[in-house]
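Okay, here's what each chain looks like letter by letter:
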Amino acid sequence: MPRVIFYTATTLDGFLADDEHSLEWLFSVPGGEGGGDDFAAFLDGIGVLVQGSSTYQWVLDHEDLVAHPEKWPEYYGARPTWVFTSRRLPSVPGADIRFADGDVASHWPEIREAAGDRDVWVVGGGDLAGQFADAGLLDEIRVSVAPATLGSGKPLLPRRFGADRLELTDAKRAGAFAELTYRVSAPGA
């Protein structure tokens, strides 16, 4: 069964994006553009991507993916991507984008089947990762903490998690970032 992993970067004060959903802050941090061997190894184990509408819209606009769909496979490969949204969004030509509305648990059987023996990457945002956690489907949080603060913005995980649900399994330095990995227990486990 695939694991569901929320792998993201956050500011030191716990924000994924600024108030306008922008990730520009991340790209101003040395190494914030992503990539590297660790990320490539992570991506090799991913069968499905899941994104919220704000994350998808920002990437779509920032990379001008409707006009330049060839960039999508450079970043994400041919993996199917579920975008959870209640609004109409454009699709990237040639990419396997599946728009979903409603509860994540109701879409889980199809996502799990598409992932096969590989994992599911919750790309963003924090509320979507929280929905997977609420449904008892989130297995791991991998967060790269950047040496930057925003003061306000979109929170890393707008949910309450006690130490009984999060177990630190790894901590390391990656350039300017501190990378933390937590195993997530299901609610009431």
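Residues numbered from 1 in each chain as written. Predicted model: local features only at pLDDT ≥ 70, side-chain atom pairs only at ≥ 80, totals over all residues. Heavy atoms only, no water.

Participant: Describe in detail helix 5 (residues 104–115), supporting the description with residues and values.
Facilitator: Val 104, His 107, Trp 108, Ile 111 and Ala 115 are the residues of helix 5 that are buried. Taken down its axis, helix 5 places every buried residue within 135 degrees of arc, on the same side. In helix 5, those exposed residues whose orientation departs by more than 90 degrees from the buried face are Ser 106 and Glu 113. Residues of helix 5 that are buried in the fold lie against strand 1 (4–11), strand 3 (46–52), strand 4 (81–84), strand 5 (97–100), strand 6 (119–124) and helix 6 (126–134). Structurally, the start of helix 5 carries an N-cap: the backbone nitrogen of Ala 105 is 3.1 Å from a side-chain oxygen of Asp 103. One or two residues past the end of helix 5 sits Gly 116, with phi positive at roughly 60 degrees. (Buried < 20%, exposed > 50% of the residue type's maximum accessible area, 1.4 Å probe, protein only. Helix = DSSP H or I, 4+ residues; strand = E, 2+ residues; numbered from the N terminus. Arc of directions from axis to C-beta. Contact = heavy atoms within 4.5 Å. Polar contact = N/O pair within 3.5 Å; in protein donor to acceptor, adjacent residues only side chain to side chain.)

Participant: Lay out the nonpolar core in plain terms, naming residues and giving numbers.
Facilitator: Of all hydrophobic cores here, the largest spans 28 residues; its most connected members are Trp 25, Tyr 56, Trp 72, Tyr 76, Val 92 and Trp 121. Looking at this core, the elements that each hand over two or more residues are strand 1, helix 1 (24–27), helix 2 (36–44), strand 3, helix 3 (53–62), helix 4 (71–76) and strand 6. No other element matches helix 3, which puts 4 residues into this core. If sequence neighbours within four positions are ignored, Trp 25 has contacts with Ala 9, Thr 10, Thr 11, Phe 15, Leu 16, Ala 17, Ala 146, Ala 148 and Leu 150. Counting 26 residues, the second largest nonpolar core, distinct from the first, contains Phe 6, Val 143, Leu 157 and Phe 161. (Core = buried A, V, L, I, M, F, W, Y, C linked by side-chain atoms within 4.5 Å.)

Participant: Residue-level account of the pairing of strand 9 (residues 166–174), with values.
Facilitator: With 8 bridges joining them, strand 9 and strand 10 (residues 177–184) adopt antiparallel strand pairing. Bridge pairing in strand 10 places Asp 170 opposite Thr 181. Between strand 9 and the antiparallel strand that follows it, strand 10, lie 2 residues; Gly 175 among them carries a positive phi value of about 65 degrees. (Pairing = 2+ DSSP bridges.)

Participant: Before we move on, can you summarise the sheet that holds strand 6 with the specific residues and values?
Facilitator: Judged by pairing direction, the sheet is mixed, and its 8 strands sit side by side in the order 5-4-3-6-1-7-10-9 without closing on themselves. Every other strand in the sheet has two partners, leaving strand 5 and strand 9 as the edge strands with one partner each. Going across the sheet, the axis of each strand differs from the next one's by a mean of 20 degrees, ignoring polarity. By the bridge criterion, 4 bridges tie strand 4 to strand 5 in an arrangement that is parallel. (Axes fitted to C-alpha atoms, helices over the stretch in contact; angles between N-to-C directions.)

Participant: Help me get a handle on unusual backbone geometry, residues and values and all.
Facilitator: Of note, the amide linkage connecting Gly 124 to Gly 125 takes the cis form, showing an omega dihedral of 0 degrees. As for its placement among the helices and strands, Gly 125 is situated in the loop between strand 6 and helix 6. With a phi angle near 50 degrees, Asp 64 is a residue other than glycine that sits in the positive phi range. Mapped onto the fold, Asp 64 is located in the loop between helix 3 and helix 4.

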